[in-house]
Protein chains: 2
Amino acid sequence: MTLRALRGRWTTLVVRELFAGERTFGDLAAALPALSDKVLSDRLGQLVACGVVVRVREPGWPSRVRYSLTSRGHALRGVLDAMWVWGAAAT
Amino acid sequence: MTLRALRGRWTTLVVRELFAGERTFGDLAAALPALSDKVLSDRLGQLVACGVVVRVREPGWPSRVRYSLTSRGHALRGVLDAMWVWGAAAT
DNA sequence: CTGTATCCTGAACGATACTG
DNA sequence: CAGTATCGTTCAGGATACAG
């Protein structure tokens, strides 16, 4: 289940961005320049489907959408931290 | 770095098998029937390259190779456990 | 028994263009 | 601004056959 949620080369990086707080689509695109709009959209859709992220559409113009983590999304912090620690360990 | 080591649909399952102790190629193939020889070989090669697994070739016939985790491999336990816990949590 | 080689399919990725 | 549509590329995965 966790593998399905985190599948994709960029998924963990998107989640990492959201740990720092709410982000708009443009914020995420700017923070991850190597990621195309399409893939970012795909990943966000996947994360929403897995209950990790919520989309909130702001009414008005220009269009603005806020993405933030659900409680389940915040619970991923332990997983990603463990991955980070392992990757950072020289031994 | 961790993403690179664990990349692939089956990698974590192979590592999980090795947590239980040393395994031969045939053991792993039997434990993961959905995994073709080629992919198993690919994943093991990847894990060896990342310093997670060691191959030990037994001399003699029939050929027999023992796979086991390095200390770095055992350190992955925390990561995989965290993933498992998250996936198991209903909340 | 333990793999590697080859070929094929499907999914993920990346770029561009376009809509609300 | 925030996406979706489309298309081409790249890569992991599966099947089969074969080599050490």
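A.B. asks: Let's hear about the overall build of chain A: which residues, and what values?
C.D. replies: The number of helices and strands found in chain A is 6 helices and 3 strands. Taken against the 2.2 N^0.38 rule, which gives 12 Å for 91 residues, the C-alpha radius of gyration of chain A at 14 Å falls within 12% of a compact globule. Residues classed as buried in chain A amount to 36% of the 91 residues present. As displayed, chain A has an accessible area near 5200 Å², and 57% of this comes from carbon and sulfur atoms. Here chain A contributes 13 positive and 7 negative side-chain charges, whose respective centroids are spaced 7 Å apart.

A.B. asks: I'd like a rundown of the side chain of R43 of chain B, residues and numbers included.
C.D. replies: Residues and elements named next belong to chain B. Considering the arrangement of structural elements, one finds R43 in helix α4 (residues 37-49). For the buried R43, no salt bridge exists, and the shortest N-O distance to an oppositely charged side chain is 5.0 Å, to D42. Residues within four places of R43 in sequence aside, it is in contact with R7, G8 and T11.

A.B. asks: Describe the protein's contact with DNA strand C, naming the residues involved and giving the relevant values.
C.D. replies: Around DNA strand C there are 19 residues in total, and R9 and R43 of chain A together with S41, R55 and Y67 of chain B lie nearest to it. Sugar and phosphate atoms form 81% of the subset of DNA strand C atoms that lie within 4 Å of the protein. For DNA strand C, a sugar or linking oxygen lies 3.3 Å from a polar atom in the backbone of S63 of chain B. Elements that contribute at least two residues to the surface near DNA strand C include exactly α4 (37-49) of chain A together with α3 (25-31), α4 and β3 (64-69) of chain B.

Rules behind the numbers
Residues numbered from 1 in each chain as written. Chains lettered and ligands numbered in written order. Predicted model: local features only at pLDDT ≥ 70, side-chain atom pairs only at ≥ 80, totals over all residues. Heavy atoms only, no water. Helix = DSSP H or I, 4+ residues; strand = E, 2+ residues; numbered from the N terminus. Rg over C-alpha atoms; globule rule 2.2 N^0.38 Å. Buried < 20%, exposed > 50% of the residue type's maximum accessible area, 1.4 Å probe, protein only. Areas by Shrake-Rupley, 256 points an atom, 1.4 Å probe, with all protein chains shown as cover. Lys, Arg positive; Asp, Glu negative; His and termini not counted. Charge placed at Lys NZ, Arg CZ, Asp CG, Glu CD. Salt bridge = Lys/Arg side-chain N within 4 Å of Asp/Glu carboxyl O. Contact = heavy atoms within 4.5 Å. Near = heavy atom within 4 Å. Polar contact = N/O pair within 3.5 Å; in protein donor to acceptor, adjacent residues only side chain to side chain.

Any functional reading would require information beyond the geometric quantities listed.
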